[in-house]
Every structure is written in C-alpha cells, then in structure tokens.
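The residues making up each chain are set out below.
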Amino acid sequence: MKRIKSVVISSLLTAALVGGTSIASASISKDGVFSSKDSNQLLSSSLNVAGTGDAGTTNGEALASLFRSPQSILVAADGSIIVSDSNSQVIRKIAAGKVTTLAGASVEKDAQGFPVGGLLDGTSDLSFFNHPNGIALGVNGSIYIADTDNHAIRVIDATGTVTILAGNGVQGNVNAVGKEAKFNHPTDLAVAKDGTVYVADTLNNAIRKITADGTVTTLNAASDRKVLIASGQTIAAGDYLDGALTQAKFNEPSGIAIDAKGNLYVSDTGNQKIRYIDLASGQVTTVAGSGSYETAKINVVGDYADGDAAKAMFDSPLGITVTDEGGLLIADSLNHSIRYLYNGKVSTIAGDADQFAGEANGVERSTQFSVPTDVAVAADGTILVTDSFNNKIRSITPYQLPADLAKDDSIKVVYNGKSVVFDSKAEIKASRTMVPFRAIAEALGYEVKYTAEGQIIEMTKGTVTIKMAIGAKTVTTIEKDKADVITTIDVAPYIIAKDNRTLIPVRFFAEQVGLNVEWNQKNHTAILRN
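Everything quoted here is computed from the prediction, not taken from an experiment. (Residues numbered from 1 in each chain as written. Predicted model: local features only at pLDDT ≥ 70, side-chain atom pairs only at ≥ 80, totals over all residues. Heavy atoms only, no water.)

**Re the overall build of the protein chain**
Then, number 1: The number of helices and strands found in the protein chain is two helices and 44 strands.
Then, number 2: Relative to the globule expectation of 24 Å for 530 residues, the C-alpha radius of gyration of the protein chain, 26 Å, shows essentially globular dimensions.
Then, number 3: Overall, the protein chain is about 90 × 50 × 45 Å in size when its C-alpha atoms are taken along their principal axes.
Then, number 4: Here the protein chain holds 530 residues, and the buried ones make up 56% of them.
Then, number 5: For the protein chain, the share of sequence-separated contacts (at least 6 apart) that also reach a separation of at least 24 residues comes to 48%.
Then, number 6: Total accessible area on the protein chain is roughly 21,700 Å²; 52% of this is exposed by carbon and sulfur atoms.
Then, number 7: Put simply, the protein chain has 47 plus and 56 minus side-chain charges, and the middle of one group is 3 Å from the middle of the other. (Helix = DSSP H or I, 4+ residues; strand = E, 2+ residues; numbered from the N terminus. Rg over C-alpha atoms; globule rule 2.2 N^0.38 Å. Buried < 20%, exposed > 50% of the residue type's maximum accessible area, 1.4 Å probe, protein only. Contact = heavy atoms within 4.5 Å. Areas by Shrake-Rupley, 256 points an atom, 1.4 Å probe, with all protein chains shown as cover. Lys, Arg positive; Asp, Glu negative; His and termini not counted. Charge placed at Lys NZ, Arg CZ, Asp CG, Glu CD.)

**Focus on the domain arrangement of the protein chain**
Then, number 1: Considered domain by domain, the protein chain is made up of domain 1 (44-398) and domain 2 (412-529).
Then, number 2: Centre-to-centre separation of domain 1 and domain 2, based on C-alpha positions: 47 Å. (Domains from an automatic or database assignment.)

**Some details on the UniProt feature "domain: Teneurin NHL" (unreviewed entry) in the protein chain**
Then, number 1: Per the UniProt record, "domain: Teneurin NHL" (unreviewed entry) is found at residues 240-340.
Then, number 2: Secondary structure within residues 240-340 divides into 0% helix and 42% strand; the distance between the first and last C-alpha atoms comes to 23 Å. (UniProt positions renumbered as here; feature names shortened; annotations may be inferred.)

**Thoughts on the sheet that holds strand β38 (residues 464-469)**
By definition, the strands of a sheet pair up through backbone hydrogen bonds, in either a parallel or an antiparallel sense.
Then, number 1: In spatial order, the strands read β36-β37-β38-β39-β40; together these five strands make up an open sheet with antiparallel pairing. Single-partner strands in this sheet number two, and they are β36 (447-451) and β40 (485-488). Shown here is a sheet whose adjacent strand axes are inclined to one another by a mean of 20 degrees, direction ignored.
Then, number 2: The pairing of strand β37 (residues 456-461) with β38 spans six bridges and is antiparallel. Pairing of Ile 456 across the sheet is with Ala 469, part of β38. (Pairing = 2+ DSSP bridges. Axes fitted to C-alpha atoms, helices over the stretch in contact; angles between N-to-C directions.)

**Description of unusual backbone geometry**
Then, number 1: Backbone geometry at His 185 places phi at a positive 55 degrees, although glycine is not the residue there.
Then, number 2: Position of His 185 relative to the elements: it lies in the loop between β12 (162-167) and β13 (186-191).
Then, number 3: In this structure, Glu 252 is a non-glycine residue whose phi angle is positive, near 50 degrees.
Then, number 4: When you line up the elements, Glu 252 lands in the loop between β19 (243-244) and β20 (253-258).

**Concerning the pattern of salt bridges**
For side chains of opposite charge, pairing can occur when their charged atoms come near one another.
Then, number 1: The full count for this structure, using the stated rule, is 20 salt bridges.
Then, number 2: Measuring nitrogen to oxygen at the nearest pair gives 2.6 Å for the salt bridge that ties Asp 147 to Arg 154.
Then, number 3: Its salt-bridge partner being Glu 479, residue Lys 482 comes within 3.7 Å of it at the nearest N-O pair.
Then, number 4: Classification of Lys 482 as exposed rests on a relative accessible area of 53%.
Then, number 5: Salt bridges linked by common partners bring Asp 121, Asp 147 and Arg 154 together as one network. (Salt bridge = Lys/Arg side-chain N within 4 Å of Asp/Glu carboxyl O.)

**Brief notes about the nonpolar core**
Then, number 1: Judged by nonpolar contacts, the single largest core of 30 residues is most densely connected at Val 413, Phe 422, Val 435, Phe 437, Ile 440, Ile 504 and Leu 528.
Then, number 2: At the level of secondary structure, the elements contributing two or more residues to this core comprise β32 (412-415), α1 (437-443), β37, β38, α2 (506-512), β43 (516-520) and β44 (525-529).
Then, number 3: Among all residues touching Phe 437, those that are not within four sequence positions of it are Val 448, Tyr 450, Ile 457, Glu 458, Met 459, Met 468, Thr 502 and Ile 504.
Then, number 4: Counting 16 residues, the second largest nonpolar core, distinct from the first, contains Ala 146, Val 155, Leu 165 and Ile 210. (Core = buried A, V, L, I, M, F, W, Y, C linked by side-chain atoms within 4.5 Å.)

**Comments concerning the sheet that holds strand β27 (residues 337-342)**
Then, number 1: Here five strands make up an open sheet; going across it, the order is β24-β28-β27-β26-β25 and the pairing antiparallel. Two strands bound the open sheet, and with one partner strand each, they are β24 (307-308) and β25 (317-322).
Then, number 2: Two strands pair when backbone bridges link them, and β24 and strand β28 (residues 345-351) are joined in this way by two bridges, in the antiparallel orientation. Within β28, the position partnered with Gly 307 by the bridge is Val 346.

**Comments concerning the environment of Ile 478**
Then, number 1: Among the structural elements, Ile 478 can be located in strand β39 (residues 474-479).
Then, number 2: Overall, the relative accessible area of 29% leaves Ile 478 in the partly exposed class.
Then, number 3: Sequence separation between Ile 478 and Ile 466 is twelve residues; the distance between their C-alpha atoms is 6.2 Å.

**Overview of the pairing of β44**
Then, number 1: Counting buried residues along β44, five of its five residues qualify, which places the element largely inside the surrounding structure.
Then, number 2: Residues Thr 525, Ile 527 and Arg 529 line one face of β44 and the alternating positions Ala 526 and Leu 528 line the opposite face, and both faces are buried.
Then, number 3: For β32 and β44, the ladder comprises four bridges, and the chain directions are parallel. Pairing of Val 413 across the sheet is with Ala 526, part of β44.

**Some remarks on the packing of aromatic side chains**
Then, number 1: If you walk through the whole model with that rule in mind, you get three aromatic pairs.
Then, number 2: Ring centres 6.2 Å apart and planes at 90 degrees place the aromatic pair Phe 437 and Tyr 450 in the edge-to-face group. With Phe 437 in helix α1 and Tyr 450 in strand β36, the pair connects residues that are 13 residues apart, well separated along the chain.
Then, number 3: The buried category is assigned to Phe 437, whose relative accessible area is 0%.
Then, number 4: Given the relative accessible area of 30%, Tyr 450 is considered partly exposed.
Then, number 5: Residue placement shows Arg 208 over the ring face of Phe 183; its charged tip is 4.7 Å from the ring centre.
Then, number 6: Over the face of the ring belonging to Phe 250 we find Arg 275, whose NZ or CZ atom lies 4.6 Å from the ring centre. (Phe/Tyr/Trp six-rings, centres within 6.5 Å; stacked < 30°, edge-to-face > 60°. Lys NZ or Arg CZ within 6 Å of the ring centre and 35° of its normal.)

**A word on the pairing of β37**
Then, number 1: Examined bridge by bridge, β36 and β37 share five bridges and lie antiparallel to one another. Bridging from a neighbouring strand, Val 448 pairs with Met 459 of β37.
Then, number 2: Count of turn residues in the β36/β37 antiparallel hairpin: four residues, of which Ala 452 carries a positive phi of about 50 degrees.
Then, number 3: In this antiparallel pair of consecutive strands, β37 and β38, the connection spans two residues, and Gly 462 shows a positive phi of 65 degrees.

Take a look at the structure:
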C-alpha cells in the first residue's frame, strides 16, 4: 500500500528442464535487495514474524503477541515495522523482537468481546481509532492512516500526537478543507514527495487528493451504475472505465501506491483489476486483470490466473507495493496469495498452489495464508505480509546460495543452504541431474549399503529403507508395518567406471524423501529444501 525504497524483485520464470519443472527465480544483490539482473536467489520459506494466531491485543515478545485482523504494514526508516491492527483499534510497532502499541486505545468492548473504536485526537496513548486500515509514511516521518470507520484521514506526528488531516467521522462524499470534507470508508492512502496524500475512498468508488493544507478533491468521475438485486430493488455500485482521469470510473478501490514517476497504481478491488493513473497525462489504464460484470453482480467475479497481465485474474486484490524495477507486489486476498506484476506478466510468489486458505509455513507455493491484506519489503529483501485472518505478521524470506558455491559450470547441489560435497562429478543425462549416490544420501542423514556385489543400493533412515538396482527404473520403499511402495523413475542409476561411483537422479531421490527441489540455471545448482 506504500512505496518502499531500494527494493527490486524479479518475476522471471526460469525453465528448469534439467531435473524438473519451472521455478520462480529472483535474486539478491550485494546490498541485500532483490535484483532481476543476477538470478542467484529464489524466494524461500515463510516464517512468522509476530502473532500466535489467536485474536487479541497483547504486546511483548513478537512471537507471543496477539493481533486482531492486522490490515496494513510498512517499514519505517529505522527498520521497525508498523502495523494497523484494525480490530484492536490501534497502531502497533514491531522492533527488536518486541511488539508495542504506537497509538490508539479502547475503553470498552462490544458483545463479541472486541474493542470498540472511537474518534479522538491527542497523545498517542489517549487517541482513538475506528478500524484503522491503510498506513503510509510521510516525508517527515509522520504516519498517515486511513481511519476507515471514522471516514477520516489521521496523522501521527514525530511526537506521537494524533490529529485529523481530513474528514470528521461522518460518512459522505464532500470535497472541502480538513474536517469539512467527507469520505466513505477510505481503505488506503499514499503520500507523495511533496506531501500530497492520495486516498482510495473505497465506498465512494473514488480516488481523492488531499493537499498539504487539507484541501480535498476527487480525481475521477462518479459512478451512476445501478444493480438490480431483487424485483424492483436496485443498489448503487461502482463502475469501470479507462481513459481520461476526469471521466474514469472505479469500483471499490482498496489499495494505492506511488511509483518512481509519482504516478499511482490502484487495486481496483471490485473490478478485480490493477489500474494505473498517469497524473501528468491525466489518463487511466488497466495494467492487469480481466473479467466483466455479470447480471445482478455488484463486483466482477474473482478468479485466479497467472501469465499475460491482460488475461490474469485476481480475487479481491488489496494492498500493493511498488518495487524499484517498476513491478508491483499484490496481496491477492481471496486467492490467499502474494502476486507480482512485472513487465506485462503476473506470477505468484507465495500462497497455496490451489489458492486454499491456511497458515502453513513452507517454500513458495506450499506456503499458506488466510486473507493476506498487505505487503511491504524490509531492507534485507524480506517480504512482509499482514496475514489478516490468521492474526499474524508473516515473512517470505529470500533464499541465498552459499557464499562458497563454486563459480563455474559444474553441477552443484545445495541442501538447506549448505553445499553438498561430492568426490565425483555430477552430470546431466536425459535432461536429469545425476549425482553420486553415497554423498547425497549421507548428506541427508541416511545410512548407505551396497548388496549383490554392488548391484543393489540401499539407504536407511529410521524405519524406512529405499532400495534401488543399478540399471533398473524401479524403486522400492520399505517401511515397518506398511506395504512396500514401488515407484518408477525415468533414468536408472548407473556406475561411472573410472570413479567407481553410482549416480542417481537427484530430483527423484529428493522428492522420494520429502524434499522441495528447484533448479537454478544460472549457477547450475539443484536446491534441496525441507
């Protein structure tokens, strides 16, 4: 929902015909940021940064803290993480492994036991919010907040004092100055270098502009679309139209971000699209997303598809962050995924392969989120996610190849960040990476045995034994108290006579023992991860 400096991430897909399927390729440069220019790094596993998953407003140790539907996230200049904890009615701060309350308070709870919001300016500990959502950094370090259910834009200054920039707690659609202006559930905002604030005024289907003196104007046209929801009953709804900004139409815009040119990206949530506002030319275009209105539907029906941006599909895209290479990270909330728009293509960085909700940590598409609502990027390249329905702050950690990895064209294998040392060269055969059997097995903690004069190879760990034969494409897995499992491989193990070493296909081997396998073409490296 805001622009983070010094971040670059690549969505390039590297064809990994050697040893397996395609992988999402990204990299990290010497200064610790993502770079598409040197693909020596992959996006890696997700981890919990803060929150146990239970709902609450408990501060303290980050991994023991409690959140209630965190919505928006940003990284401050000092590296601390700022979070709008919407259902707790507060703004939280994560720093040095601790969670504190930066601003906001509540003195009563509703029938469900949730803190009740309010509207009150003042010192940080005595101020009140009502479901704060989008947050953004100002040029002077102030934090701007889309205080959604107060229909107001609030500011926390450097002293911790909270004030209203525009809006007054009353729902409406009025262009005016400061508290005379009215909004309707503003969800996100972005602050330009000159201090101008742009607001995704969601239920007004509008993009609003607030100048430094608090003057509010509307940039786009109002929607006059009506949807028939029952016999004789219609409801006002947003609409969709590209072209001149003054004529353009939006449907429940819920995310906004400023790019390096000072122009705006918008998550046009009700249209399931990403729009772009060129402020200099006054033109609006659709840069990603497809789909159109169906009868009696207020919004375009969401779906999922990667690939060409014009044909890509989203399901309630929310928070967005612009990267230095001109790409856009997207919290695709109801696809429970983090997507990336770059160079006319949309790819999925993390989230369940079938778009199911969950909270599992894992690598890339084995990671699970439950309604992620925003994304930000830390200085070390880590992607931060507000995993709203899991009440957690999550991270997607960049994977760095070992510093001692050989810089040559030899075939290499890395297991959990460490190079596997071979006493004989690995090689490619029939488009499969073949590696010395004993070295890889022992690196993974298996006991190795050869029988039948070296023609049968076995590896055992605990109660499981995997048995293969030289020249045979069948593999038998033997586990105590279970039926034997026989599988087939497409390249049989074989012996390199000059080294007297047995080579096996690394992908099959790794997947047989439950590892994630990816191929990094640039460095000729098979990457194995738990």
